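Observations on the three-dimensional arrangement
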Amino acid sequence: MQVLRRVITGHWQLMCLSLVIALLWSTPAVLPLRILTVFLHETSHAIVTLATGGEVLNLTIDPYEGGSVTARGGNRFLMLSAGYTGSLLIGAALFVIALRTDWDRRILALFGALTLLVAAIYIRDLFALVFTLTTGVLMLATARYLSLAVNDLILRIIGISSMIYAPLDIWDDTIARSYLRSDARMMAEEIGGTTVIWGGLWLVISLAVIGVTLRYGLGRSSNISLPRSL
């Protein structure tokens, strides 16, 4: 009981935030967050494409939580693996940075600048362009004008959303609806195995990453001192 009491006392804000996000997950209220995680998914594909010697021709996202990267060259195995795992790792990193450092303004500003850079170089579709430009500008404005606590809270929200979205999306796209043209389906066609096997592997990896993030990222207390910071 004492351990449970310490956990609740030290992380009650985070628990409430996670609960609110989970309860609102299927509503329009968190649709921008879900689309942002799709952007992270596609950006992860693009990063690995470039890192393995390929060329990114176009990146897009849509209001229905879809997205794609058109690329040439690169390592297909790593590129296809990067979407779900990459977006999750980015979200987990933002979550830990928010909890364990005071870099929140700098990281959110960097995030915003990189979002604008991706938009300028790779995005041509109207919705994707408007979404990424708006998101990037809002991040830069938040980093410049709002308090450290607000920046911290935004990074937590993005991190939690990514950690929720990745396993749910993997389950829905690769296991529950394995007939979809997902990353796992393309992996099965190009590398071997089945859609469910690849989806199951990525699901296990995502849950392990979330577990490690919570185990080593939370610390004794994750609460924000709102009265002093805002």
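As a starting point, this report considers the structure included with it. Predicted, not measured: the structure shown is a model, and the values here were computed from it. (Residues numbered from 1 in each chain as written. Predicted model: local features only at pLDDT ≥ 70, side-chain atom pairs only at ≥ 80, totals over all residues. Heavy atoms only, no water.)

**A closer look at the pairing of strand 2 (residues 67-72)**
The sheet contact formed by strand 1 (residues 55-61) and strand 2 spans 6 bridges and is antiparallel. When the bridges of strand 2 are listed, valine 56 appears paired with alanine 71. The antiparallel pairing of strand 1 with strand 2 creates a hairpin that spans 5 residues between the two strands, and glutamate 65 there sits at a positive phi of about 70 degrees. (Pairing = 2+ DSSP bridges. Helix = DSSP H or I, 4+ residues; strand = E, 2+ residues; numbered from the N terminus.)

**Considering helix 4 (residues 104-122)**
For helix 4, spanning 19 residues, the distance from its first C-alpha to its last is 27 Å, which sits close to the expected 27 Å at 1.5 Å a residue. Of the positions making up helix 4, those classed as buried are Asp104, Ile107, Leu108, Phe111, Gly112, Thr115, Val118, Ala119 and Tyr122. Each buried residue of helix 4 sits inside an arc of 135 degrees when the element is viewed along its axis, so together they form one side. Projecting away from the buried face of helix 4 at angles above 90 degrees are the exposed residues Arg106 and Ala120. Where the residues of helix 4 are buried, they touch helix 2 (31-51), strand 1, helix 3 (76-100), helix 5 (126-145) and helix 6 (148-176). (Expected span 1.5 Å × (residues − 1). Buried < 20%, exposed > 50% of the residue type's maximum accessible area, 1.4 Å probe, protein only. Arc of directions from axis to C-beta. Contact = heavy atoms within 4.5 Å.)

**Things to note about the side chain of serine 81**
Along the chain, the position of serine 81 falls in helix 3. For serine 81, a relative accessible area of 13% corresponds to the buried category. For serine 81, the side chain forms a polar contact with the main-chain oxygen of phenylalanine 77, separated by 2.8 Å. Setting aside anything within four residues of it in sequence, one finds serine 81 in contact with Met187 and Trp202. (Polar contact = N/O pair within 3.5 Å; in protein donor to acceptor, adjacent residues only side chain to side chain.)

**Side note on the packing of helix 2 against helix 3**
Between helix 2 and helix 3, the shortest axis-to-axis distance is 7 Å and the interhelical angle comes to 130 degrees. As the angle between them shows, helix 2 and helix 3 are arranged oblique. In this structure, the crossing between helix 2 and helix 3 has a hand that is right-handed. For the pair formed by helix 2 and helix 3, the contact residues are Thr37, Leu40, His41, Ser44, His45, Val48 and Thr49 on the first element and Leu78, Met79, Leu80, Ala82, Gly83, Tyr84, Gly86, Ser87 and Ile90 on the second. Grouping the amino acids of the contact of helix 2 with helix 3 by side-chain chemistry returns 8 nonpolar, 8 polar and no charged. (Axes fitted to C-alpha atoms, helices over the stretch in contact; angles between N-to-C directions. Parallel < 35°, antiparallel > 145°, perpendicular 65-115°, else oblique. Left-handed = near helix turned anticlockwise from the far one by under 90°. Nonpolar A, V, L, I, M, F, W, Y, C, P; charged D, E, K, R; others polar.)

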